[in-house]
Amino acid sequence: MNLTDHDLFRQAALIDGKWIARPDMEVTNPATGTAMGTIPDCTADETTRAIAAAETAMKGWRACTHADRADVLMRWYQLMLDHAEDLAQILTAEQGKPLAEAKGEVIYGASFVRWFAEEARRINGSIIPSPLPGKKIFAMKEPVGVCAIITPWNFPIAMITRKVAPGLAAGCTMVVKPSDVTPYSALAMAVLAERAGVPRGVINILTGRPEVIGAALTASPVVRKLSFTGSTRVGALLAEQCAPTLKRMSLELGGNAPFVVFDDADLDAVVEGAMLSKFRNGGQTCVCANRILVQSGIHDAFVAALAKRVDALKVGPGTEDGTTIGPMINAAAIAKIRSHVEDALAHGATKATAVRDLGAAYADPVVLVGATTRMRLASEETFGPVAPVFRFDTEEEALAIANGTPFGLAAYFFTRDMARAFRFGEALEFGLVGLNTGAVSHAEAPFGGVKSSGLGREGAQEGIEEYLETKAFHFGGL
């Protein structure tokens, strides 16, 4: 990495303001398969120390004025923008996405810091009219307390800011466990947070294996909230582990997003939406289109246009100019992608795109025609650059296929019929719905799923409420 500020690359955990370096585990660059550095494998005792540091720091941080916390967050936001190039290089090196996408993630992640800096000034309670004379009732907003934050590898900066920024704005303190596959982005963000004036112990970053750290976080009665983004299986396990201490939880879990195209849709807009939704980050997103449902009248034209765009994608290292699809995160991810494609082909699907000769770190971007609900990719999240196209005839058929999943994170549909837009959009059982767009995530909008896709919301005004408790304060004798 050709960093301007080499101090951003930290190979150490952060506990109570102290950086702890130990070369316990290697972190691999997915494009080269070689080690790019090491991290400590934090122990249960170190996790307990981080929790204690956050508990101690909580007293001073919650006592800050809302304006003071907002000012710290705004400085953090500006530092992210000032160091966007370096942050993008670190992100690409450990995660693999193209540099242009990595820088886009930095800007996107920074938008959450700015949004919640502004929301910090608007944490308001209310006065409730009392049913009795001589009495007043105040509804007061207070921080939840020490929060455990567990983030995934696919958006290692944006998932930090989307969780940490509202918690800090609310007056909470943080113990953050980034993915052991992509820890360096989180550590760089912690360096910038220190420079912005976040006090010692307010943010702690634990690196290492998730089992040991997660068990200590979930068992601690001091930790009052856990926020996790990852698989439904792990989310359910964390919920079970948090149950004895009745923690608040925010869970952003798996998805199986339908992308529905009706005959009256604008073909150019549909293809642009599909490219954005399906192939951003190489398809390694929880809201990417996993099932593309296309009505018969537009089906062939859509497949031809989409295949042409997919064949034009450049696959290679994220640091190379013009790369649009980088390496997948690891060998297990590639094996799953290939198994889904092979299963679909075995059940009658055909490829509409050209076959490429790619290295072991890469997955072939592909459009599959003739997808059916019998195929694994209809019920499992592929998490890769595979676009299966299902043909449908009626609106009712499309709705049944779209909702025919235990997941309910994101859904997309394209139509110019406004009656259908309201009818179909309201019938979709998903927390995020995009009409005539492939983008459904902004700092200003609530983000989260229903059914097996999780609990709670991130972003928007709802995002900060996840880190606040309401205290009813009754005044008598007035």
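Refer to the preceding data block for the structure.
Residues numbered from 1 in each chain as written. Predicted model: local features only at pLDDT ≥ 70, side-chain atom pairs only at ≥ 80, totals over all residues. Heavy atoms only, no water.

### Some thoughts on the layout of surface pockets
Any space left empty among the atoms is revealed by the rolling of a water-sized probe across them. The computed volume of the largest pocket comes to approximately 1,200 Å³. Around the largest pocket, the lining comprises 39 residues; the ones closest to its centre are W153, F228, G230, S231 and V234. Within the residue set of the lining of the largest pocket, elements represented by two or more residues are α7 (210–219), β10 (223–229), α8 (232–242) and α11 (331–346). With six residues, the single largest contributor to the lining of the largest pocket is α8. (1 Å grid on protein atoms, 1.4 Å probe; cavity = no way out; pocket = protein on both sides within 12 Å on 5 of 7 lines; lining within 4 Å. Points joined across faces, edges and corners; volume = space filled by probe spheres on them. Helix = DSSP H or I, 4+ residues; strand = E, 2+ residues; numbered from the N terminus.)

### Here's the deal with the sheet that holds strand β12 (residues 257–261)
Spatial ordering of the open sheet is given by β14-β15-β16-β13-β12-β18-β19, a layout of seven strands whose pairing is mixed. Where the open sheet ends on each side, the last strands, each with one partner, are β14 (350–351) and β19 (432–435). As defined by bridge partners, β12 adjoins strand β18 (residues 410–414) across three bridges and the pair is classed as parallel. Within β18, the position partnered with F259 by the bridge is Y412. Set on the sheet, helix α14 (residues 418–427) makes contact with β12, β18 and β19; between it and β18 the angle comes to about 160 degrees. (Pairing = 2+ DSSP bridges. Contact = heavy atoms within 4.5 Å. Axes fitted to C-alpha atoms, helices over the stretch in contact; angles between N-to-C directions.)

### Focus on helix α9 (residues 267–279)
Taking 1.5 Å of rise per residue, the 13 residues of α9 would be expected to cover 18 Å, and the 18 Å separating its terminal C-alpha atoms lies within 8% of that figure. Of the residues flanking the start of α9, the one acting as N-cap is D266, its side-chain oxygen 3.0 Å from the backbone nitrogen of D268. (Expected span 1.5 Å × (residues − 1). Polar contact = N/O pair within 3.5 Å; in protein donor to acceptor, adjacent residues only side chain to side chain.)

### Structural notes on the packing of aromatic side chains
Under the defined criterion, the tally for this structure stands at 10 aromatic pairs. Summarising the aromatic geometry, the rings of Y108 and F112 are spaced 5.1 Å apart at their centres and angled 75 degrees between planes, so their arrangement reads as edge-to-face. Pair noted here: Y108 and F112 are both in helix α4 (residues 99–120), with a separation of four residues, about one helical turn. What makes F112 buried here is its relative accessible area of 1%. (Phe/Tyr/Trp six-rings, centres within 6.5 Å; stacked < 30°, edge-to-face > 60°. Buried < 20%, exposed > 50% of the residue type's maximum accessible area, 1.4 Å probe, protein only.)

### Brief notes about helix α6 (residues 184–196)
Given a rise of 1.5 Å per residue, 13 residues ought to cover 18 Å, and the 18 Å separating the end C-alpha atoms of α6 matches this to within 8%. For α6, a buried count of 11 out of 13 residues is recorded, marking the element as mostly surrounded by other parts of the structure. When we look at burial in α6, the residues that qualify are Y184, S185, A186, L187, A188, M189, A190, V191, L192, A193 and A196. In the stretch just after α6, G197 is the one whose phi turns positive, near 105 degrees.

### Here's the deal with the pattern of salt bridges
Considering all chains together, one arrives at 29 salt bridges under this definition. Of the charged contacts in the structure, one is a salt bridge between R121 and D71, with a shortest N-O distance of 3.0 Å. Here R121 is found in the loop between α4 and β5 (126–128), whereas its partner D71 is found in helix α2 (residues 66–82), with 50 residues between them in sequence. By relative accessible area, which is 48% here, R121 ends up partly exposed. According to the relative accessible area criterion, D71 is partly exposed, its value standing at 33%. Via salt bridges that share partners, D5, D7, R10 and R195 belong to a single interconnected network. (Salt bridge = Lys/Arg side-chain N within 4 Å of Asp/Glu carboxyl O.)

### Some details on the environment of V386
Following the sequence through the fold, V386 ends up in strand β16 (residues 386–392). Taking relative accessible area as the criterion, V386 reaches 0% and is therefore assigned buried. A sequence separation of 103 residues divides V386 from G283, and the C-alpha atoms of the two residues are 7.4 Å apart.

### A few points about unusual backbone geometry
Phi at N436 takes a positive value of approximately 60 degrees, unusual for a residue other than glycine. Position of N436 relative to the elements: it lies in the loop between β19 and β20 (450–451). On the basis of relative accessible area, N436 is assigned to the partly exposed category, the value being 36%. A positive phi angle, close to 60 degrees, is found at A460, a residue other than glycine. Positionally, A460 belongs in helix α15 (residues 460–465). A relative accessible area of 3% means that A460 is categorised as buried.

Distances and angles like these do not, on their own, reveal function.
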